[in-house]
Amino acid sequence: MKKLEKPEQIRLLLLIFLGVVLIQFGGLSMVAVVLAFVVMLALHELGHLLAARLSGMKVTEYFIGFGPRLWSIKRGETEYGVKAIPAGAYVRIIGMSNLEDVELEDESRSYRAQSYPRRLAVSLAGSGMQFILAFVLLFFLFSMVGSPSTDTWEVGSVVSDSTAESIGVSEGDQILTVGGVDVSDFDQFGAVVRSSIGKVIPVEISKDGSIEVLAAQVGERLTSIGAASFPGLQEGDQILSVDRQETTTWSQVVSKASQQETFLLEVKRTDGTVKTVQSTKAFTPLPPQQMAVQGFFGVSARHPLKTLGLGSSISRSASETVDLIGNSAKAIAQFFTPGGLSSFIGGAVEGGGSASQVGTGVSTNDENRLLSIYGVALLGSSLFESGAYNFIWFLVLINVFVAVFNLIPLLPFDGGHVLIATYERLRSFGGRQHRADVSKLVPLTWVVLIFLISLTLVALFRDIVDLPDFG
(Lines give C-alpha, C1' and ligand atoms only; values in the text may rest on other atoms or scores of the structure.)
Protein backbone atom coordinates (compact mmCIF):
# COMPACT_ATOMS: atom_id res chain seq x y z
CA MET A 1 0.00 0.00 0.00
CA LYS A 2 1.31 3.42 -0.95
CA LYS A 3 1.74 5.99 1.81
CA LEU A 4 -0.22 9.17 1.16
CA GLU A 5 2.05 11.98 0.12
CA LYS A 6 1.35 15.58 1.13
CA PRO A 7 -0.54 16.58 -2.07
CA GLU A 8 -2.68 13.46 -1.75
CA GLN A 9 -3.35 14.25 1.92
CA ILE A 10 -4.52 17.74 0.93
CA ARG A 11 -6.83 16.31 -1.73
CA LEU A 12 -8.26 13.80 0.74
CA LEU A 13 -8.94 16.56 3.29
CA LEU A 14 -10.59 18.62 0.55
CA LEU A 15 -12.79 15.66 -0.40
CA ILE A 16 -13.79 15.19 3.24
CA PHE A 17 -14.57 18.92 3.47
CA LEU A 18 -16.76 18.71 0.36
CA GLY A 19 -18.53 15.71 1.90
CA VAL A 20 -19.28 17.71 5.04
CA VAL A 21 -20.61 20.57 2.91
CA LEU A 22 -22.82 18.12 1.00
CA ILE A 23 -24.23 16.78 4.27
CA GLN A 24 -24.77 20.30 5.56
CA PHE A 25 -26.69 21.56 2.54
CA GLY A 26 -28.07 18.38 0.98
CA GLY A 27 -28.54 16.24 4.08
CA LEU A 28 -27.86 12.55 4.52
CA SER A 29 -30.36 11.78 1.76
CA MET A 30 -28.19 13.54 -0.83
CA VAL A 31 -25.08 11.75 0.47
CA ALA A 32 -26.95 8.43 0.12
CA VAL A 33 -27.84 9.25 -3.49
CA VAL A 34 -24.26 10.23 -4.38
CA LEU A 35 -22.84 7.08 -2.76
CA ALA A 36 -25.45 4.95 -4.52
CA PHE A 37 -24.40 6.40 -7.89
CA VAL A 38 -20.72 5.82 -7.16
CA VAL A 39 -21.36 2.21 -6.10
CA MET A 40 -23.55 1.62 -9.16
CA LEU A 41 -20.86 2.84 -11.57
CA ALA A 42 -18.09 1.07 -9.63
CA LEU A 43 -20.00 -2.20 -10.01
CA HIS A 44 -20.47 -1.49 -13.71
CA GLU A 45 -16.72 -1.24 -14.16
CA LEU A 46 -16.20 -4.25 -11.89
CA GLY A 47 -18.25 -6.23 -14.40
CA HIS A 48 -15.80 -5.27 -17.15
CA LEU A 49 -12.84 -6.13 -14.90
CA LEU A 50 -14.13 -9.59 -13.96
CA ALA A 51 -15.02 -10.47 -17.55
CA ALA A 52 -11.61 -9.29 -18.77
CA ARG A 53 -9.84 -11.32 -16.09
CA LEU A 54 -11.83 -14.45 -16.95
CA SER A 55 -11.00 -13.91 -20.62
CA GLY A 56 -7.26 -13.67 -19.91
CA MET A 57 -6.94 -9.97 -20.72
CA LYS A 58 -4.51 -7.70 -18.90
CA VAL A 59 -6.14 -5.11 -16.65
CA THR A 60 -3.75 -2.42 -15.44
CA GLU A 61 -6.06 -0.06 -13.49
CA TYR A 62 -9.34 -0.06 -11.61
CA PHE A 63 -10.19 3.29 -10.02
CA ILE A 64 -13.25 4.76 -8.34
CA GLY A 65 -13.52 8.43 -9.28
CA PHE A 66 -11.60 10.61 -11.69
CA GLY A 67 -8.96 13.30 -11.49
CA PRO A 68 -6.00 13.37 -9.09
CA ARG A 69 -5.18 10.12 -7.28
CA LEU A 70 -6.00 10.03 -3.55
CA TRP A 71 -5.02 6.49 -2.69
CA SER A 72 -4.02 3.33 -4.52
CA ILE A 73 -2.68 -0.16 -3.97
CA LYS A 74 -1.20 -2.58 -6.47
CA ARG A 75 -2.15 -6.23 -6.46
CA GLY A 76 -0.47 -8.28 -9.14
CA GLU A 77 -0.57 -6.40 -12.42
CA THR A 78 -3.56 -4.21 -11.48
CA GLU A 79 -3.54 -0.95 -9.54
CA TYR A 80 -6.68 -0.31 -7.49
CA GLY A 81 -7.46 3.08 -6.04
CA VAL A 82 -9.62 6.11 -5.37
CA LYS A 83 -9.46 9.46 -7.15
CA ALA A 84 -10.58 12.89 -6.03
CA ILE A 85 -13.75 13.41 -8.10
CA PRO A 86 -16.40 10.80 -7.12
CA ALA A 87 -18.18 11.00 -10.46
CA GLY A 88 -17.93 7.34 -11.45
CA ALA A 89 -15.25 4.72 -12.01
CA TYR A 90 -13.14 3.23 -14.77
CA VAL A 91 -11.15 0.12 -15.64
CA ARG A 92 -8.20 0.08 -18.04
CA ILE A 93 -7.78 -2.96 -20.28
CA ILE A 94 -4.81 -2.92 -22.62
CA GLY A 95 -5.28 -2.82 -26.40
CA MET A 96 -8.89 -1.66 -26.62
CA SER A 97 -8.30 -0.49 -30.20
CA ASN A 98 -5.67 -0.37 -32.95
CA LEU A 99 -4.64 3.11 -31.77
CA GLU A 100 -3.10 1.90 -28.52
CA ASP A 101 0.53 0.81 -28.32
CA VAL A 102 1.00 -2.44 -26.41
CA GLU A 103 4.21 -4.19 -25.41
CA LEU A 104 4.92 -7.12 -27.74
CA GLU A 105 4.86 -9.66 -24.91
CA ASP A 106 1.42 -8.37 -23.79
CA GLU A 107 -0.22 -8.28 -27.22
CA SER A 108 -1.72 -11.76 -26.85
CA ARG A 109 -3.50 -10.55 -23.69
CA SER A 110 -4.87 -7.35 -25.20
CA TYR A 111 -8.60 -6.83 -25.79
CA ARG A 112 -8.17 -6.54 -29.55
CA ALA A 113 -6.36 -9.89 -29.76
CA GLN A 114 -9.19 -11.88 -28.19
CA SER A 115 -11.92 -13.85 -29.87
CA TYR A 116 -15.25 -12.24 -30.72
CA PRO A 117 -17.19 -13.97 -27.88
CA ARG A 118 -14.64 -12.78 -25.30
CA ARG A 119 -14.67 -9.19 -26.53
CA LEU A 120 -18.46 -9.27 -26.62
CA ALA A 121 -18.57 -10.61 -23.05
CA VAL A 122 -16.26 -7.86 -21.78
CA SER A 123 -18.18 -5.09 -23.56
CA LEU A 124 -21.55 -6.31 -22.25
CA ALA A 125 -20.38 -7.18 -18.75
CA GLY A 126 -20.80 -3.65 -17.36
CA SER A 127 -24.46 -3.37 -18.28
CA GLY A 128 -24.89 -7.03 -17.39
CA MET A 129 -23.63 -6.30 -13.87
CA GLN A 130 -26.18 -3.50 -13.55
CA PHE A 131 -29.00 -5.77 -14.71
CA ILE A 132 -27.92 -8.30 -12.05
CA LEU A 133 -27.81 -5.51 -9.47
CA ALA A 134 -31.32 -4.42 -10.44
CA PHE A 135 -32.54 -8.02 -10.04
CA VAL A 136 -30.87 -8.32 -6.60
CA LEU A 137 -32.38 -5.02 -5.45
CA LEU A 138 -35.82 -6.10 -6.63
CA PHE A 139 -35.48 -9.47 -4.92
CA PHE A 140 -34.56 -7.72 -1.65
CA LEU A 141 -37.47 -5.33 -2.14
CA PHE A 142 -40.10 -8.00 -2.74
CA SER A 143 -38.82 -10.52 -0.19
CA MET A 144 -37.80 -8.18 2.66
CA VAL A 145 -39.50 -4.79 2.24
CA GLY A 146 -42.64 -5.88 0.44
CA SER A 147 -44.81 -5.01 -2.52
CA PRO A 148 -48.02 -2.93 -2.35
CA SER A 149 -50.98 -5.22 -1.74
CA THR A 150 -53.81 -4.82 -4.25
CA ASP A 151 -56.29 -6.48 -1.89
CA THR A 152 -56.70 -3.48 0.42
CA TRP A 153 -55.90 0.20 0.81
CA GLU A 154 -55.56 2.76 3.55
CA VAL A 155 -55.52 6.55 3.74
CA GLY A 156 -52.18 7.88 2.53
CA SER A 157 -52.82 11.60 3.01
CA VAL A 158 -55.68 13.93 3.90
CA VAL A 159 -56.43 17.18 2.03
CA SER A 160 -56.77 20.20 4.31
CA ASP A 161 -60.26 21.71 4.70
CA SER A 162 -61.81 18.65 3.08
CA THR A 163 -64.65 16.36 4.08
CA ALA A 164 -62.14 13.81 5.34
CA GLU A 165 -60.40 16.32 7.60
CA SER A 166 -63.71 17.63 8.95
CA ILE A 167 -64.68 14.20 10.32
CA GLY A 168 -61.22 13.39 11.68
CA VAL A 169 -59.90 10.93 9.09
CA SER A 170 -56.14 10.40 9.59
CA GLU A 171 -53.26 8.89 7.65
CA GLY A 172 -53.29 5.10 8.06
CA ASP A 173 -57.06 4.82 8.61
CA GLN A 174 -59.03 2.30 6.55
CA ILE A 175 -62.32 3.38 4.99
CA LEU A 176 -64.52 0.27 4.88
CA THR A 177 -67.88 1.47 3.54
CA VAL A 178 -69.36 4.71 2.20
CA GLY A 179 -73.14 5.03 2.20
CA GLY A 180 -73.37 1.32 2.97
CA VAL A 181 -71.29 0.36 -0.11
CA ASP A 182 -68.15 -1.74 0.36
CA VAL A 183 -65.15 0.32 -0.80
CA SER A 184 -62.29 -2.14 -0.27
CA ASP A 185 -61.34 -1.20 -3.85
CA PHE A 186 -60.19 2.43 -4.11
CA ASP A 187 -61.72 2.84 -7.57
CA GLN A 188 -65.08 1.84 -6.10
CA PHE A 189 -64.56 4.37 -3.29
CA GLY A 190 -63.94 7.10 -5.87
CA ALA A 191 -67.03 6.15 -7.88
CA VAL A 192 -69.28 6.30 -4.79
CA VAL A 193 -67.86 9.66 -3.65
CA ARG A 194 -68.09 11.29 -7.08
CA SER A 195 -71.79 10.40 -7.34
CA SER A 196 -72.63 11.70 -3.84
CA ILE A 197 -72.26 15.45 -4.37
CA GLY A 198 -73.39 17.37 -1.29
CA LYS A 199 -75.02 14.34 0.35
CA VAL A 200 -74.66 13.50 4.03
CA ILE A 201 -73.71 9.81 4.10
CA PRO A 202 -72.43 7.33 6.69
CA VAL A 203 -68.71 6.45 6.44
CA GLU A 204 -67.42 3.34 8.22
CA ILE A 205 -63.78 3.73 9.25
CA SER A 206 -61.26 1.42 10.91
CA LYS A 207 -59.11 3.64 13.15
CA ASP A 208 -56.38 2.16 15.38
CA GLY A 209 -58.13 -1.21 15.40
CA SER A 210 -61.60 0.11 16.30
CA ILE A 211 -64.56 0.63 13.95
CA GLU A 212 -66.32 4.00 13.80
CA VAL A 213 -69.31 5.13 11.75
CA LEU A 214 -69.30 8.86 11.02
CA ALA A 215 -71.67 11.13 9.13
CA ALA A 216 -69.95 13.09 6.38
CA GLN A 217 -71.20 15.69 3.91
CA VAL A 218 -69.42 15.09 0.63
CA GLY A 219 -67.77 18.19 -0.84
CA GLU A 220 -67.54 19.05 -4.52
CA ARG A 221 -64.88 19.90 -7.08
CA LEU A 222 -65.12 21.02 -10.71
CA THR A 223 -65.15 18.46 -13.49
CA SER A 224 -63.46 19.25 -16.80
CA ILE A 225 -66.81 20.58 -18.06
CA GLY A 226 -67.28 22.76 -14.98
CA ALA A 227 -63.77 24.14 -15.29
CA ALA A 228 -64.31 24.89 -18.98
CA SER A 229 -67.31 27.04 -18.01
CA PHE A 230 -64.97 29.67 -16.58
CA PRO A 231 -61.73 30.44 -18.49
CA GLY A 232 -58.75 30.25 -16.14
CA LEU A 233 -60.08 27.44 -13.97
CA GLN A 234 -58.85 23.84 -13.87
CA GLU A 235 -60.43 20.47 -13.28
CA GLY A 236 -60.37 19.74 -9.56
CA ASP A 237 -60.69 23.39 -8.50
CA GLN A 238 -63.12 24.42 -5.75
CA ILE A 239 -64.86 27.78 -6.21
CA LEU A 240 -64.80 29.54 -2.83
CA SER A 241 -66.40 32.84 -3.79
CA VAL A 242 -67.83 34.89 -6.65
CA ASP A 243 -67.07 38.62 -6.41
CA ARG A 244 -66.15 38.17 -2.72
CA GLN A 245 -69.45 36.41 -1.98
CA GLU A 246 -68.86 32.98 -0.44
CA THR A 247 -70.10 29.93 -2.33
CA THR A 248 -70.20 26.33 -1.15
CA THR A 249 -72.25 24.69 -3.91
CA TRP A 250 -72.47 24.82 -7.69
CA SER A 251 -76.03 26.15 -7.51
CA GLN A 252 -74.74 29.16 -5.53
CA VAL A 253 -72.02 29.72 -8.14
CA VAL A 254 -74.61 29.64 -10.94
CA SER A 255 -76.87 32.05 -9.08
CA LYS A 256 -74.16 34.64 -8.44
CA ALA A 257 -72.40 34.27 -11.82
CA SER A 258 -75.64 34.70 -13.76
CA GLN A 259 -76.01 38.27 -12.50
CA GLN A 260 -73.10 39.64 -14.60
CA GLU A 261 -70.70 38.75 -17.39
CA THR A 262 -67.32 39.42 -15.72
CA PHE A 263 -66.44 38.59 -12.12
CA LEU A 264 -63.70 37.60 -9.71
CA LEU A 265 -63.51 33.96 -8.71
CA GLU A 266 -61.62 32.81 -5.63
CA VAL A 267 -60.63 29.19 -6.17
CA LYS A 268 -58.77 26.53 -4.25
CA ARG A 269 -56.43 24.38 -6.33
CA THR A 270 -55.84 20.67 -5.81
CA ASP A 271 -52.50 21.46 -4.14
CA GLY A 272 -54.24 23.59 -1.50
CA THR A 273 -53.25 27.01 -2.84
CA VAL A 274 -55.93 29.71 -3.13
CA LYS A 275 -55.97 31.97 -6.20
CA THR A 276 -58.14 34.82 -7.44
CA VAL A 277 -59.04 34.63 -11.13
CA GLN A 278 -60.87 37.21 -13.20
CA SER A 279 -63.16 35.31 -15.52
CA THR A 280 -66.29 35.30 -17.64
CA LYS A 281 -68.94 32.74 -18.47
CA ALA A 282 -67.87 30.50 -21.32
CA PHE A 283 -71.34 28.93 -21.62
CA THR A 284 -74.84 30.35 -21.32
CA PRO A 285 -76.61 28.76 -19.60
CA LEU A 286 -74.05 27.17 -17.29
CA PRO A 287 -74.07 23.34 -17.23
CA PRO A 288 -76.15 21.51 -14.58
CA GLN A 289 -74.63 20.26 -11.34
CA GLN A 290 -74.33 16.64 -12.41
CA MET A 291 -72.07 17.71 -15.29
CA ALA A 292 -70.19 20.60 -13.69
CA VAL A 293 -69.08 19.15 -10.36
CA GLN A 294 -68.35 15.82 -8.74
CA GLY A 295 -68.12 14.62 -5.17
CA PHE A 296 -64.84 15.12 -3.35
CA PHE A 297 -63.79 13.45 -0.07
CA GLY A 298 -60.15 14.49 0.23
CA VAL A 299 -57.98 11.42 0.72
CA SER A 300 -55.30 9.66 -1.28
CA ALA A 301 -54.73 5.91 -1.14
CA ARG A 302 -51.71 3.90 -0.25
CA HIS A 303 -51.45 0.13 -0.34
CA PRO A 304 -49.81 -1.65 2.63
CA LEU A 305 -46.61 -3.47 1.75
CA LYS A 306 -46.75 -7.27 1.74
CA THR A 307 -43.64 -9.45 1.38
CA LEU A 308 -43.54 -12.26 -1.19
CA GLY A 309 -42.20 -15.79 -0.84
CA LEU A 310 -38.87 -16.95 -2.27
CA GLY A 311 -40.25 -18.29 -5.54
CA SER A 312 -42.60 -15.37 -6.11
CA SER A 313 -39.82 -12.87 -5.34
CA ILE A 314 -37.47 -14.47 -7.87
CA SER A 315 -40.15 -14.67 -10.56
CA ARG A 316 -41.40 -11.13 -9.98
CA SER A 317 -37.85 -9.72 -9.89
CA ALA A 318 -36.95 -11.39 -13.18
CA SER A 319 -40.12 -10.26 -14.98
CA GLU A 320 -39.82 -6.69 -13.66
CA THR A 321 -36.18 -6.49 -14.75
CA VAL A 322 -37.03 -7.66 -18.27
CA ASP A 323 -39.95 -5.21 -18.49
CA LEU A 324 -37.79 -2.31 -17.29
CA ILE A 325 -35.11 -3.11 -19.88
CA GLY A 326 -37.73 -3.03 -22.63
CA ASN A 327 -39.36 0.16 -21.35
CA SER A 328 -36.01 1.93 -21.00
CA ALA A 329 -34.98 0.97 -24.54
CA LYS A 330 -38.32 2.21 -25.86
CA ALA A 331 -38.04 5.50 -23.96
CA ILE A 332 -34.51 6.11 -25.26
CA ALA A 333 -35.54 5.31 -28.83
CA GLN A 334 -38.52 7.70 -28.59
CA PHE A 335 -36.39 10.47 -27.12
CA PHE A 336 -33.77 10.32 -29.90
CA THR A 337 -36.27 10.99 -32.65
CA PRO A 338 -36.56 14.38 -34.39
CA GLY A 339 -39.88 14.98 -32.64
CA GLY A 340 -38.56 13.93 -29.25
CA LEU A 341 -35.45 16.09 -29.44
CA SER A 342 -37.30 19.14 -30.78
CA SER A 343 -39.88 18.86 -28.00
CA PHE A 344 -37.17 18.55 -25.36
CA ILE A 345 -35.17 21.51 -26.65
CA GLY A 346 -38.35 23.50 -27.24
CA GLY A 347 -39.29 22.93 -23.61
CA ALA A 348 -36.10 24.68 -22.55
CA VAL A 349 -37.05 27.71 -24.66
CA GLU A 350 -40.65 27.76 -23.43
CA GLY A 351 -39.78 26.90 -19.82
CA GLY A 352 -42.15 23.95 -19.81
CA GLY A 353 -41.93 20.74 -17.86
CA SER A 354 -43.24 19.03 -14.77
CA ALA A 355 -42.93 16.07 -12.48
CA SER A 356 -40.34 13.41 -13.18
CA GLN A 357 -40.69 9.76 -14.02
CA VAL A 358 -37.23 8.06 -13.29
CA GLY A 359 -37.64 4.84 -15.09
CA THR A 360 -37.40 6.65 -18.39
CA GLY A 361 -35.62 9.72 -17.15
CA VAL A 362 -38.51 11.86 -18.42
CA SER A 363 -41.51 13.61 -16.90
CA THR A 364 -45.14 12.54 -16.64
CA ASN A 365 -46.56 15.56 -18.47
CA ASP A 366 -43.65 16.15 -20.83
CA GLU A 367 -42.69 12.80 -22.29
CA ASN A 368 -39.42 14.22 -23.59
CA ARG A 369 -38.27 15.71 -20.28
CA LEU A 370 -34.77 14.36 -19.76
CA LEU A 371 -33.46 14.99 -16.24
CA SER A 372 -29.92 16.17 -15.57
CA ILE A 373 -27.79 14.54 -12.88
CA TYR A 374 -28.85 17.49 -10.71
CA GLY A 375 -32.52 16.72 -11.20
CA VAL A 376 -32.02 12.99 -10.69
CA ALA A 377 -30.05 13.63 -7.48
CA LEU A 378 -32.86 15.80 -6.10
CA LEU A 379 -35.40 13.18 -7.08
CA GLY A 380 -33.35 10.47 -5.39
CA SER A 381 -33.01 12.59 -2.26
CA SER A 382 -36.76 13.12 -2.13
CA LEU A 383 -37.45 9.41 -2.58
CA PHE A 384 -34.86 8.49 0.07
CA GLU A 385 -36.79 10.57 2.58
CA SER A 386 -40.10 9.00 1.52
CA GLY A 387 -39.01 5.51 2.58
CA ALA A 388 -37.08 2.37 1.60
CA TYR A 389 -39.63 1.14 -0.95
CA ASN A 390 -39.51 4.25 -3.16
CA PHE A 391 -35.74 4.68 -2.84
CA ILE A 392 -34.98 1.07 -3.82
CA TRP A 393 -37.26 1.42 -6.85
CA PHE A 394 -35.38 4.60 -7.75
CA LEU A 395 -32.06 2.72 -7.63
CA VAL A 396 -33.48 -0.10 -9.75
CA LEU A 397 -34.86 2.25 -12.39
CA ILE A 398 -31.68 4.32 -12.63
CA ASN A 399 -29.55 1.17 -12.81
CA VAL A 400 -31.53 -0.27 -15.68
CA PHE A 401 -31.83 3.02 -17.56
CA VAL A 402 -28.08 3.76 -17.36
CA ALA A 403 -27.26 0.17 -18.36
CA VAL A 404 -29.49 0.31 -21.43
CA PHE A 405 -28.30 3.81 -22.34
CA ASN A 406 -24.70 2.55 -22.24
CA LEU A 407 -25.55 -0.01 -24.94
CA ILE A 408 -26.19 2.65 -27.59
CA PRO A 409 -24.08 1.39 -30.55
CA LEU A 410 -21.76 4.40 -30.73
CA LEU A 411 -18.43 5.22 -29.14
CA PRO A 412 -17.68 6.03 -26.35
CA PHE A 413 -20.50 3.79 -25.07
CA ASP A 414 -20.02 0.07 -24.47
CA GLY A 415 -22.44 -0.49 -27.33
CA GLY A 416 -19.87 1.12 -29.63
CA HIS A 417 -17.31 -1.53 -28.69
CA VAL A 418 -19.94 -4.22 -29.30
CA LEU A 419 -20.59 -2.78 -32.77
CA ILE A 420 -16.89 -2.63 -33.64
CA ALA A 421 -16.29 -6.19 -32.40
CA THR A 422 -19.25 -7.41 -34.45
CA TYR A 423 -18.05 -5.53 -37.54
CA GLU A 424 -14.56 -7.01 -37.20
CA ARG A 425 -16.04 -10.49 -36.79
CA LEU A 426 -18.09 -10.10 -39.98
CA ARG A 427 -15.04 -8.85 -41.89
CA SER A 428 -12.78 -11.65 -40.60
CA PHE A 429 -12.64 -14.80 -42.68
CA GLY A 430 -10.15 -17.25 -44.12
CA GLY A 431 -8.15 -17.28 -40.88
CA ARG A 432 -7.41 -13.54 -41.15
CA GLN A 433 -8.56 -11.26 -38.33
CA HIS A 434 -9.76 -7.88 -39.56
CA ARG A 435 -9.20 -4.88 -37.28
CA ALA A 436 -11.20 -1.70 -37.71
CA ASP A 437 -9.31 1.57 -37.94
CA VAL A 438 -10.79 3.38 -34.94
CA SER A 439 -9.05 6.63 -35.96
CA LYS A 440 -11.74 7.00 -38.64
CA LEU A 441 -14.37 7.03 -35.86
CA VAL A 442 -12.70 9.75 -33.80
CA PRO A 443 -14.59 12.65 -35.50
CA LEU A 444 -17.91 10.84 -34.98
CA THR A 445 -17.02 10.13 -31.36
CA TRP A 446 -16.37 13.81 -30.78
CA VAL A 447 -19.70 14.68 -32.38
CA VAL A 448 -21.43 12.22 -30.04
CA LEU A 449 -19.64 13.67 -27.00
CA ILE A 450 -20.49 17.26 -27.94
CA PHE A 451 -24.10 16.26 -28.58
CA LEU A 452 -24.35 14.55 -25.18
CA ILE A 453 -22.76 17.51 -23.41
CA SER A 454 -25.24 19.82 -25.13
CA LEU A 455 -28.19 17.67 -24.02
CA THR A 456 -26.80 17.61 -20.50
CA LEU A 457 -26.55 21.41 -20.39
CA VAL A 458 -30.10 21.81 -21.72
CA ALA A 459 -31.40 19.33 -19.15
CA LEU A 460 -29.51 21.12 -16.37
CA PHE A 461 -30.89 24.48 -17.50
CA ARG A 462 -34.45 23.12 -17.45
CA ASP A 463 -33.98 21.58 -14.01
CA ILE A 464 -32.66 24.88 -12.64
CA VAL A 465 -35.26 27.24 -14.13
CA ASP A 466 -38.19 24.82 -14.00
CA LEU A 467 -37.45 22.28 -11.28
CA PRO A 468 -39.82 19.30 -11.50
CA ASP A 469 -42.17 18.80 -8.55
CA PHE A 470 -40.97 15.64 -6.82
CA GLY A 471 -43.69 15.74 -4.19
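What you see is a predicted model, and the numbers here were worked out from it, not measured in a lab.

Some thoughts on helix 6 (residues 250–257)
For helix 6, the set of buried residues is Trp250, Val253, Lys256 and Ala257. The arc that holds every buried residue of helix 6, seen down its axis, measures 130°, which confines them to one face.

Some points on the sheet that holds strand 10 (residues 238–242)
Spatially, 11-10-12-13 is the arrangement adopted by the four strands of the open sheet, whose pairing is antiparallel. Two strands bound the open sheet, and with one partner strand each, they are strand 11 (245–246) and strand 13 (274–280). Here strand 12 (residues 262–268) pairs with strand 13 via seven bridges, running antiparallel. When the bridges of strand 13 are listed, Thr262 appears paired with Thr280. On the sheet, helix 6 packs against strand 10, strand 11 and strand 12 and is oriented at approximately 40° with respect to strand 10.

Some remarks on the packing of aromatic side chains
Applying the stated criterion across every chain yields a total of 17 aromatic pairs. Ring centres of Phe66 and Tyr90 lie 5.9 Å apart, and the angle between their planes is 20°; this geometry places the pair in the stacked category. You can see Phe66 sitting in strand 1 (residues 59–75) and its partner Tyr90 sitting in strand 2 (residues 78–93), a full 24 residues away along the chain. When its relative accessible area of 14% is taken as the criterion, Tyr90 is described as buried. Ring geometry for Phe336 and Phe405: centres 6.1 Å apart, planes at 45°, overall tilted. With Phe336 in the loop between helix 8 (310–335) and helix 9 (338–350) and Phe405 in helix 11 (residues 388–405), this residue pair connects regions lying 69 residues apart in the sequence. The partly exposed category is assigned to Phe336, whose relative accessible area is 31%. Just above the ring of Phe63 sits the side chain of Lys83; from NZ or CZ to the centre is 4.9 Å. Lying over the aromatic face of Phe296, Arg221 brings its terminal NZ or CZ to 4.0 Å of the ring centre.

A few points about a nonpolar patch on the surface
On the surface, Ile373, Tyr374, Phe461, Ile464 and Val465 cluster together into a nonpolar patch covering about 500 Å² of accessible area. Contributions of two or more residues to the nonpolar patch are made by helix 10 (373–386) and helix 13 (442–465). Tallying contributions element by element places helix 13 first for the nonpolar patch, with three residues. Among the secondary structure elements, Phe461 is positioned in helix 13.

Some details on the pattern of salt bridges
Tallying each qualifying case throughout the model produces 14 salt bridges. When the shortest N-O distance is used, the salt bridge between Arg109 and Glu77 registers 2.6 Å. Of this pair, Arg109 sits in the loop between strand 2 and helix 2 (116–145) while Glu77 sits in the loop between strand 1 and strand 2; the two residues are 32 residues apart in sequence, bridging distant segments of the chain. Looking at Arg109, the relative accessible area reads 27%, which means it is partly exposed.

A short note on the side chain of Ser127
With respect to the element layout, Ser127 can be found in helix 2. By relative accessible area, Ser127 is classed as buried at 1%. A polar atom in the side chain of Ser127 sits 2.8 Å from the backbone oxygen of Ala403. Those residues within four positions of Ser127 in sequence are excluded, and the remaining contacts are His44, Ala403, Asn406 and Leu407.

Calculation rules
Residues numbered from 1 in each chain as written. Predicted model: local features only at pLDDT ≥ 70, side-chain atom pairs only at ≥ 80, totals over all residues. Heavy atoms only, no water. Buried < 20%, exposed > 50% of the residue type's maximum accessible area, 1.4 Å probe, protein only. Helix = DSSP H or I, 4+ residues; strand = E, 2+ residues; numbered from the N terminus. Arc of directions from axis to C-beta. Pairing = 2+ DSSP bridges. Contact = heavy atoms within 4.5 Å. Axes fitted to C-alpha atoms, helices over the stretch in contact; angles between N-to-C directions. Phe/Tyr/Trp six-rings, centres within 6.5 Å; stacked < 30°, edge-to-face > 60°. Lys NZ or Arg CZ within 6 Å of the ring centre and 35° of its normal. Patch = residues over 30% accessible without salt bridge, like charges linked within 9 Å, V, L, I, M, F, W, Y side chains within 5 Å. Areas by Shrake-Rupley, 256 points an atom, 1.4 Å probe, with all protein chains shown as cover. Salt bridge = Lys/Arg side-chain N within 4 Å of Asp/Glu carboxyl O. Polar contact = N/O pair within 3.5 Å; in protein donor to acceptor, adjacent residues only side chain to side chain.

Any functional reading would require information beyond the geometric quantities listed.
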